[in-house]
Each structure stands twice: as C-alpha cells, then as structure tokens.
Amino acid sequence: MMDLIKIREQFPILNQKINNCDLIYFDNAATSQKPISVIESISDFYKKSNSNIHRGVHSLSRSASEQFELARKTVANHFNIDNEQQLIFTAGCTDSINIVAQGLAKFHLQKEDEIILSTYEHHSNILPWQLWAKENKGVLKIIPLLANQNLDYDSIEKLITHKTKLIAITHVSNTLGLITDIERIISIAKKHQLPILLDGAQSAPHMPVDLKKLDVDFFVCSAHKLYGPTGVGLLYLSQKWLDKLPVSKSGGGIIKSVSFENTEYADGALRFEPGTPNISGVIGFSNAIKFINNIGITTIFEFEKKLVQHAQKKLREMPEIIMYGESDEKAGVISFNVKNHHPFDIGTLLDNYGIAVRTGHHCTQPLMQDLKIQGTVRISFAIYNTIEEINYFIEKLKKVIKMLQ
Ligand SMILES: Cc1ncc(COP(=O)(O)O)c(C=O)c1O
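Since the structure is predicted, the reported quantities are computational estimates derived from the model, not experimental observations.

## What about the site of the ligand?
Here's step 1: In the neighbourhood of the ligand, the contacting residues comprise Cys93, Thr94, His122, Ser124, Thr170, Asn174, Asp199, Ala201, Gln202, Ser222, His224 and Lys225.
Here's step 2: In the environment of the ligand, an oxygen atom lies 2.5 Å from a nitrogen or oxygen atom belonging to the side chain of Thr94.
Here's step 3: Within the side chain of Gln202, a nitrogen or oxygen atom sits 2.7 Å from an oxygen atom of the ligand.
Here's step 4: Isolated, the ligand exposes 400 Å² of accessible area, and the fraction of that covered by the protein chains is 86%.
Here's step 5: Tallied by class, the residues present in the shell around the ligand amount to two nonpolar, eight polar and two charged.

Written out as structure tokens, the structure reads:
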C-alpha cells in the first residue's frame with residue numbers, strides 16, 4: 001500500500017505557501033517537482049565527486065565516470081533496453097528529436113520525401129521536421145482527429161506512399177492526455193517497413209514504457225518531466241540506427257582518432273555525446289528513475305488514473321466547463337475551458353489561491369487550430385497530488401467562475 005504522505009514529504013517545494021495558500025501544483029506536464037533524493041544526488045555530486053568524466057586516470061574522474069555509466073545502466077534497465085549503449089544522454093526531448101532529424105536528413109531523407117506526424121504533436125516534434133521539409137521540398141502528412149478527438153488510425157494507411165520515410169508521433173498528447181494506440185501504429189509501420197520515432201515526453205512519467213517490447217526505432221524523453229532535473233533527457237536508438245545514424249553534433253569525447261584530414265568516431269552511445277555532458281543531471285536523472293521504481297510505474301499510472309477520473313467527474317458536473325479529449329484512460333492530463341472566458345484569466349485567478357495550472361496552447365498550436373480554440377486550461381498530475389487537492393481546486397474554480405460573471 002502506497003503511503004502518499006511519505007511520498008509528499010519527499011518534495012520540499014510542496015511544503016510552502018503561494019499567495020498565503022498551500023501550494024497545489026497541477027503543472028506537472030510542463031515540469032514535475034523533484035524529490036529530495038534527486039536534489040541531494042546532484043548536490044552530493046558537486047560536494048564529493050565533481051570531476052570531468054571519461055579519459056581521466058585520477059580517482060575523482062574515475063568515480064564520476066563510474067557514476068555516469070551506472071546511471072546509463074539504471075535508466076536503460078527502467079526502459080528495458082538490453083544494450084545500454086543504445087541509450088544516449090541528451091539535453092532533453094527537443095534536443096533528441098533534433099539529433100534524429102539532422103541525422104536522418106543526411107542520408108535517409110531525400111528531397112520531396114514524406115513524414116507522417118499527428119495532429120497532437122508538440123512543436124518540438126513538428127519544427128525539426130518542418131525545417132527539413134522547407135529545405136528539401138518535403139511533405140509533412142498529418143494524422144487527423146476523429147470527432148471524439150482521438151486519432152483517426154484508419155487514415156494512416158491512406159497517408160502512406162512510396163515517398164513516406166518516417167512516422168514521428170507522440171505517445172501521449174501533452175494537451176489532452178490521450179494515449180496513442182502505439183501498438184497499432186507500430187504494426188502499420190512494420191508492414192510498410194517505416195521507422196518510428198516515439199515522443200515519450202508525456203508517457204515516460206506516467207506509464208510503463210518497455211522499449212524491447214515496443215521495438216521502435218527512436219524513443220525520446222526528458223528527465224525534468226519525470227521527477228528529474230532540467231537540461232537532461234534521453235535518445236534511444238534501435239541497434240540498427242545506433243550503427244547507421246550519422247553524427248550531427250560533433251566535438252571532443254566522441255572519437256577513436258582524429259587527424260586534420262579525418263576522424264574515426266567512437267562506437268555506441270559516446271558517438272552522440274560530444275563535449276562535457278550534464279554529468280550531475282544524468283546522475284539526478286538516474287535517481288529520479290530510482291524514485292519512480294521505488295513506487296512502481298504501474299502504481300503511479302493507476303493512482304494518477306484515479307485522480308484524472310475524479311477530476312473529470314467533478315468538471316463534468318459543471319455546466320460552464322468544456323472538456324477536451326475526455327477519456328477514463330488518460331495519462332495524468334486534463335484540458336478544459338470555461339465558456340466565454342479566456343484560459344489566462346482562469347489561470348491567473350486560480351494562482352491567487354495557490355493553484356498552479358497551465359494555460360494557453362501548450363506548444364500544440366496546430367491542435368488548437370484543429371479544435372478551433374486559442375488555448376485551454378490544463379491540469380496535470382503527479383504522484384504527490386491528492387483527491388483533496390482536486391476538491392479544493394474545484395471549489396476555487398467555482399469561485400473564480402462566479403467572480404467573472
Ligand atoms: C509531448 C512533448 N514533446 C516534447 C516536449 C519537449 O520537451 P522538452 O522541452 O523537455 O525538450 C514536450 C514538453 O512539454 C512534450 O510535452
């Protein structure tokens with residue numbers, strides 16, 4: 001049985017007043033808060049082990065290198081990656097997608113090729129492909145939405161042509177919280193021998209992700225959304241792409257040998273990690289994974305599902321509310337609007353009660369255009385949120401709506 005109080009106590013930031021009210025943090029899809037174990041692992045690194053990694057013969061450097069490579073093993077195990085060399089530490093999800101886009105642009109993507117994305121995509125999984133498309137007369141084909149705001153999976157086969165070279169898709173919509181039927185997309189992709197990039201920014205924090213089972217070509221996520229620090233994330237490459245993807249960022253530390261005429265690059269993950277990496281961030285990332293595993297990612301999913309169901313039920317009872325992407329099977333995110341009121345006004349007034357929500361387009365402007373709205377109010381949960389917080393939020397939301405009338 002999970003001890004919620006003990007879990008909350010591990011998050012020092014939650015124990016404070018905002019505008020004289022207890023902080024209620026419902027902006028976890030933007031970034032989650034960090035447990036003390038993660039915070040201390042970062043400060044401990046600087047207090048006891050700070051040194052640059054790899055190639056150092058002195059003890060501190062060897063200790064830092066060991067911690068860094070152990071972190072790779074911990075994170076790889078969590079995502080069920082057999083060969084941890086397939087796990088590259090990056091600056092985060094956006095960085096990872098750019099590495100793939102720039103690498104594929106060098107040899108996999110030809111002029112006028114096509115890439116399939118979905119209406120749900122975050123700008124981070126649109127712009128790197130759009131940049132390539134603009135320079136290469138490429139075409140981005142978009143999986144449309146059904147009336148219930150789910151993806152129209154039946155349309156995918158029709159979008160595929162002999163020019164299609166990739167499907168790049170989010171695992172969970174950061175705006176709606178809806179979970180993509182990725183198994184269905186994978187089976188379509190395999191039938192057409194198309195590589196898949198899976199954006200796990202919003203799935204990794206909330207649900208089990210088994211990369212061996214999924215067998216996608218590329219998977220990306222950011223540590224800061226899963227209780228880890230900012231500025232660090234991962235790029236998983238299938239074995240085929242680990243050997244094939246060209247380097248797009250270059251520099252020290254990723255080579256076997258260099259002369260002015262030529263460079264022989266290192267094998268494995270190192271090939272994609274030029275320069276001094278975010279060492280403390282990677283250590284913090286692995287401690288965030290340990291925090292998740294101490295609770296269990298399935299426990300987190302089931303718990304957050306209850307929060308979502310409770311909040312949706314309460315919101316449904318309010319006639320002023322319009323909800324988007326309603327479903328009982330969501331990954332911790334709810335988007336809604338209050339009829340005739342701007343989401344910014346709702347968010348600003350809720351802040352007066354210490355409630356942190358996100359308002360706006362959530363970096364999904366094409367989705368907003370499809371839904372014919374400017375933005376939404378988004379509440380998103382983590383393991384430290386409670387039913388009581390939701391009840392307080394609903395009470396204050398009703399007050400805010402009254403105030404605006
Ligand atoms: C679905 C999705 N993809 C990509 C990103 C980009 O993540 P980051 O800003 O950590 O690179 C986000 C961030 O909100 C996201 O929700």
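That covers the picture; the talk isn't over yet.
## As for the side chain of Ser124
Here's step 1: By the secondary structure assignment, Ser124 is in the loop between strand 5 (114–118) and helix 5 (127–136).
Here's step 2: Assessed through its relative accessible area of 12%, Ser124 is described here as buried.
Here's step 3: Polar side-chain contacts of Ser124 include one of 2.8 Å to the side chain of Thr94.
Here's step 4: Not counting residues within four places of it along the chain, the set of residues in contact with Ser124 comprises Thr94 and Ile97.

## Looking at the environment of Val338
Here's step 1: Its location among the elements puts Val338 in strand 14 (residues 333–338).
Here's step 2: Linking Val338 and Gly231, residues 107 residues apart in sequence, is a C-alpha distance of 34 Å.
Here's step 3: Once residues within four sequence positions are removed from consideration, Val338 is found in contact with Glu320, Ile321, Ile346, Leu397 and Ile401.

## Quick word on the packing of aromatic side chains
Here's step 1: Within this structure, the stated rule accounts for 14 aromatic pairs.
Here's step 2: Ring geometry for Phe26 versus Phe393: centroids 5.7 Å apart, planes at 75°, classification edge-to-face. One end of the pair, Phe26, is in the loop between strand 3 (24–25) and helix 2 (36–49); the other, Phe393, is in helix 14 (residues 387–404), and 367 residues separate them in sequence.
Here's step 3: Grouping aromatic residues by their ring pairs yields a cluster made of Phe11, Tyr227, Phe291 and Tyr384.
Here's step 4: The ring of Trp241 carries the charged tip of Lys244 above its face, separated from the ring centre by 5.3 Å.

## Considerations on the packing of helix 3 (residues 59–78) against helix 10 (residues 279–295)
Here's step 1: The interhelical angle for the contact between helix 3 and helix 10, taken along N-to-C directions, is 35°, at an axis separation of 9 Å. Handedness of the crossing formed by helix 3 with helix 10: left-handed. Contacts from Gln67, Phe68, Ala71, Thr74, Val75 and His78 of helix 3 reach helix 10 at Ile279, Val282, Ile283, Phe285, Ser286, Ile289, Lys290, Ile292 and Asn293.
Here's step 2: Here the residues of the contact of helix 3 with helix 10 sort into nine nonpolar, five polar and one charged.

## Regarding the environment of Lys34
Here's step 1: Along the chain, the position of Lys34 falls in the loop between strand 3 and helix 2.
Here's step 2: The class of Lys34 is buried, set by a relative accessible area of 19%.
Here's step 3: For the pair Lys34 and Leu14, spaced 20 residues apart in sequence, the C-alpha separation works out to 9.8 Å.
Here's step 4: Among residues more than four places away in sequence, those in contact with Lys34 are Gln10, Phe11, Pro12, Ile39, His224, Tyr227, Gly228 and Pro229.
Here's step 5: Among the polar contacts listed, one links the side chain of Lys34 to the backbone oxygen of Ser32, at a separation of 2.6 Å.

## Considering the sheet that holds strand 9 (residues 218–222)
To summarise the sheet geometry, strands pair through backbone hydrogen bonds and adopt either a parallel or an antiparallel arrangement.
Here's step 1: An order of 4-10-9-8-7-5-6 is seen for the seven strands of this open sheet, with the pairing classed as mixed. In the strand order of this sheet, the two ends are held by strand 4 (87–90) and strand 6 (139–143), each with one partner. On average, each strand axis in the sheet is tilted by 20° relative to the strand beside it, whichever way the strands run.

## Details of the sheet that holds strand 14
Here's step 1: Strand order in this open sheet of four strands is 13-14-17-16, and the pairing throughout is antiparallel. With partners counted over all chains shown, the strands left at the sheet margins are strand 13 (321–324) and strand 16 (358–360), one partner each. Averaged over all adjacent pairs, the angle separating strand axes in this sheet is 30°, with direction ignored.
Here's step 2: The sheet contact formed by strand 13 and strand 14 spans four bridges and is antiparallel.

## Comments concerning the domain arrangement of the protein chain
Here's step 1: Each assigned domain of the protein chain is listed with its residue range as follows: domain 1 (4–30 + 296–404) and domain 2 (40–294).
Here's step 2: For domain 1 and domain 2, the distance between their C-alpha centres works out to 28 Å.
Here's step 3: Every contact between the two is made by 36 residues of domain 1 and, on the other side, 29 residues of domain 2.
Here's step 4: For the pairing of domain 1 and domain 2, the buried interface totals around 2600 Å² over both sides, and the portion due to carbon and sulfur atoms is 61%.
Here's step 5: Per-residue buried area on domain 1 facing domain 2 is highest for Ile297, Ala331 and Leu367; these three make up 22% of the total on that side.

## Focus: the packing of helix 12 (residues 343–351) against helix 14
Here's step 1: Here helix 12 crosses helix 14 at 120°, and the two axes come no closer than 10 Å. As summarised for this structure, helix 12 and helix 14 are arranged oblique, according to the angle between their axes. For the element pair helix 12 and helix 14, the recorded crossing hand is right-handed. Residues Ile346, Leu349 and Leu350 of helix 12 lie in contact with helix 14, whose contacting residues are Phe393, Lys396, Leu397, Val400 and Leu404.
Here's step 2: For the contact of helix 12 with helix 14, the per-class residue count stands at seven nonpolar, no polar and one charged.

## Quick word on helix 7 (residues 182–191)
Here's step 1: Ile182, Ile185, Ile186, Ile188 and Ala189 are the residues of helix 7 that are buried. Angular distribution of buried residues about the axis of helix 7 spans 165°; they occupy a single face of the element. Every exposed residue of helix 7 that faces more than 90 degrees away from the buried side is listed here: Glu183 and Lys191.
Here's step 2: Those residues of helix 7 that are buried lie in contact with helix 6 (156–159), strand 7 (164–170), strand 8 (196–199) and helix 8 (211–214).
Here's step 3: Looking at the residues trailing helix 7, positive phi occurs at Gln193, about 55°.

Parameters and conventions
- Residues numbered from 1 in each chain as written.
- Predicted model: local features only at pLDDT ≥ 70, side-chain atom pairs only at ≥ 80, totals over all residues.
- Heavy atoms only, no water.
- Near = heavy atom within 4 Å.
- Polar contact = N/O pair within 3.5 Å; in protein donor to acceptor, adjacent residues only side chain to side chain.
- Areas by Shrake-Rupley, 256 points an atom, 1.4 Å probe, with all protein chains shown as cover.
- Nonpolar A, V, L, I, M, F, W, Y, C, P; charged D, E, K, R; others polar.
- Helix = DSSP H or I, 4+ residues; strand = E, 2+ residues; numbered from the N terminus.
- Buried < 20%, exposed > 50% of the residue type's maximum accessible area, 1.4 Å probe, protein only.
- Contact = heavy atoms within 4.5 Å.
- Phe/Tyr/Trp six-rings, centres within 6.5 Å; stacked < 30°, edge-to-face > 60°.
- Lys NZ or Arg CZ within 6 Å of the ring centre and 35° of its normal.
- Axes fitted to C-alpha atoms, helices over the stretch in contact; angles between N-to-C directions.
- Left-handed = near helix turned anticlockwise from the far one by under 90°.
- Pairing = 2+ DSSP bridges.
- Domains from an automatic or database assignment.
- Buried area = accessible area lost by both parts, 1.4 Å probe.
- Parallel < 35°, antiparallel > 145°, perpendicular 65-115°, else oblique.
- Arc of directions from axis to C-beta.

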